[in-house]
Structures are given as C-alpha cells and as structure tokens.
Amino acid sequence: MEAAELLVHGVSWNGPPDQDAPDGGLPALQLQSPSGGRTAVPLSAASRLGLRILPGLWCLGHVKVHGPGERTHVPCKDRAPAVRGKQCGPCFARDDSRLMHDFHRGGPVPAGLRAYLMQPHWLYVATFAGGATKIGTASAPRKWNRLAEQGAVHASYVAHAEDGRVVRVLEDLATRELGLVQQVRSAGKAAALLEPRPAVELSAVNKQAAARVRELLAGLAMTGFAVVEEEWQRPALARELCGPGRRLAYPAAFDGGGHGLEIRSLSGAIALAMLPDAAGVPVEGDFVADLGALKGRRIEFGDHHTEIPALQDSLF
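No experiment lies behind these values; they were computed from the predicted model shown.

K.L.:
Go over the overall build of the protein chain with me, naming the residues and quoting the values.
P.N.:
Within the protein chain, the secondary structure is distributed over seven helices and 15 strands. The C-alpha radius of gyration computed for the protein chain amounts to 20 Å, which stays within 12% of the reference 20 Å derived for 316 residues, consistent with globular compactness. Classification of the 316 residues of the protein chain by burial places 49% in the buried group. Relative to all contacts within the protein chain whose residues are 6 or more apart in sequence, the contacts with residues 24 or more apart total 70%. As displayed, the protein chain offers around 15,000 Å² of accessible surface, 52% of which is attributable to carbon and sulfur atoms. Computed over 34 positive and 33 negative side-chain charges, the inter-centroid distance for the protein chain is 7 Å.

K.L.:
With reference to specific residues and values, describe the sheet that holds strand S12 (residues 257-267).
P.N.:
Taken in spatial order, the nine strands make up an open sheet running S3-S2-S1-S15-S4-S12-S13-S14-S11, and their pairing is mixed. Two strands lie at the open edges of the sheet, namely strand S3 (38-42) and strand S11 (248-249), each paired on one side alone. Relative to strand S15 (residues 298-301), strand S1 (residues 6-14) runs antiparallel, the two being bridged by two bridges. When the sheet's bridge partners are listed, Leu-6 is paired in S15 with Ile-299.

K.L.:
So what's going on with the environment of Pro-309? Residues and values would help.
P.N.:
Take Pro-309: it is sitting in the segment after S15. The spacing of Pro-309 and Ser-47 is 262 residues in sequence and 24 Å in space, taken between C-alpha atoms.

Definitions and cut-offs
- Residues numbered from 1 in each chain as written.
- Predicted model: local features only at pLDDT ≥ 70, side-chain atom pairs only at ≥ 80, totals over all residues.
- Heavy atoms only, no water.
- Helix = DSSP H or I, 4+ residues; strand = E, 2+ residues; numbered from the N terminus.
- Rg over C-alpha atoms; globule rule 2.2 N^0.38 Å.
- Buried < 20%, exposed > 50% of the residue type's maximum accessible area, 1.4 Å probe, protein only.
- Contact = heavy atoms within 4.5 Å.
- Areas by Shrake-Rupley, 256 points an atom, 1.4 Å probe, with all protein chains shown as cover.
- Lys, Arg positive; Asp, Glu negative; His and termini not counted.
- Charge placed at Lys NZ, Arg CZ, Asp CG, Glu CD.
- Pairing = 2+ DSSP bridges.

Okay, here's the thing in structure tokens:
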C-alpha cells in the first residue's frame, strides 16, 4: 500500500458466524482518505501492520441516520481537531447518534433515527477477561457484531424487545436494581487480557449475572419484550487472546511514531501480537495492543517497527 495519510475510524467486525463462516466474523481497520473516501484493511491471524502515527487527534465527522438499515457518514468538512470525544464541536452537534440515549426518556429525535430506534432490539449481559460485567443493547441487525466489537469474552442475550425504547428502559432498570454498569472502559479490557481469568470462572460470572437479569425481567408488569435464554458465539479469532497465558503490555503509546505488529489473535479492537524488530525478526514475547487507541489518529502505512524499551528484559 502506498504511503498516504489516512484517518482511522476504528476496528469493525462483520459477520455473524454461520455455516459458511465457521470461524466467526471478519474484522477490519476502518480508514478514511483526505478526500473522504472509506476503505478497510482486513485484520486476520498473521496480518502485519506497519504504520507511522502523525501528531494530533482528529474529528471523525458525524452520522445521519435515515432508517433501520440506512445511515450516512459525513466527513468533517474542516478536517478539524477532535474536542469532544472523537469529534469537533459542530460535528458533535450534527450527529444523530448522540440523541439515541435519551429517546426512551422522551427526548426529541429526527424521523430517520426514530425509525432506527423503533426496530426490534436485544438486551444482553457481557463479561470481559477480568470479570467486569455490563448490561447492554443491540439492534436486531447488529445483534452479534455489537458484542464482537466490544470484545466480550462471554455474553448472554436476556431479552428481545419490540423496539429501542423498551430495551433501554430494561437496560436502565437492570442498572438501577442490580448495579450492572453500562460501560467497561477499553483500558480495563486490555489490562485484563494480560492475564485473563479462567474461562470457567468467566462463564459462571456471566451466567449468574444473566440469571439475575432474567429473574428481574420476569417479574415486571410491563409489555413489549420477551425474556430469552441464548448464548453469544465468540469469534474464533479471539480464542487465543481470551485464553490462558501471561502477556506483556504493548510498549508504546499509539499517539505518534512508528509501529509494527503481526496479529495473532483479536478480541474487539484489542490484539495479541508479535513485534518484529528492524530486521523483521520477532521480539521475544506476546504483546497486548489496543488498536482502538488508533481511532481519530492519522496514519501512514509503511515499513515501520515498534521501538522496544532497553529495559525489556526486566519485563519477563
């Protein structure tokens, strides 16, 4: 690939797994050219990424939602620095998706977003490598992908709701009554993957939390949903990273300089990687790198490698 400045929009997962794709899902690094065109670099086992990160954190533009399966990404016309999350002020104000979280509380939404929110949704319980567990929602078409992109180790669907208003009421109820959080920070997910808890423990944590939510929902008088009992299928590419072992944290920040990784496994946006040196020889050790930290960065692909600290040996 020619060296060209590209804006990183993050890691996406396509899928879900089925008989034709038994390995479960196709991850890719989503990129935007200076002209606004979008492209994707597939991320699979043995994929090599060599890139240089340019200074700054940049606006990713905004989204206009037209209906359940239709949305438009609008690039930032000013190519401005990010000031609110991964957006500039004007793009944040124009973004339809920011309104969806208050919809069930009576907040106003555009017609296209309303149509999206009125489609069926799923309520799930997700558990991550350190045991942190959250409640969350996914639209019907994103039922599998949502959990893949979040990097869940184990997850269970607990309810199927007729629309996005009902599912968010249920989500808030589970938080209020059971103390289940609605967000787990990516830094915590990555730190837990340095030495994941045993799979049997994480499965038990998830099953217990899911059972508590189902019990809560079964006692409600409200309508518009059905309690379900269904497990999410984790993508095969995440198996090694989510399995037993001790790893090292990636030794550099994704905020500048050159980086070179060979991916072995991927959970959400977090990679288990080998690091080739300047001669292309892998450095000893397995490293956990959060590729989600590239979101909002401008990069150039090329023959780059990660500088390993001189005190590397003390890490083993």
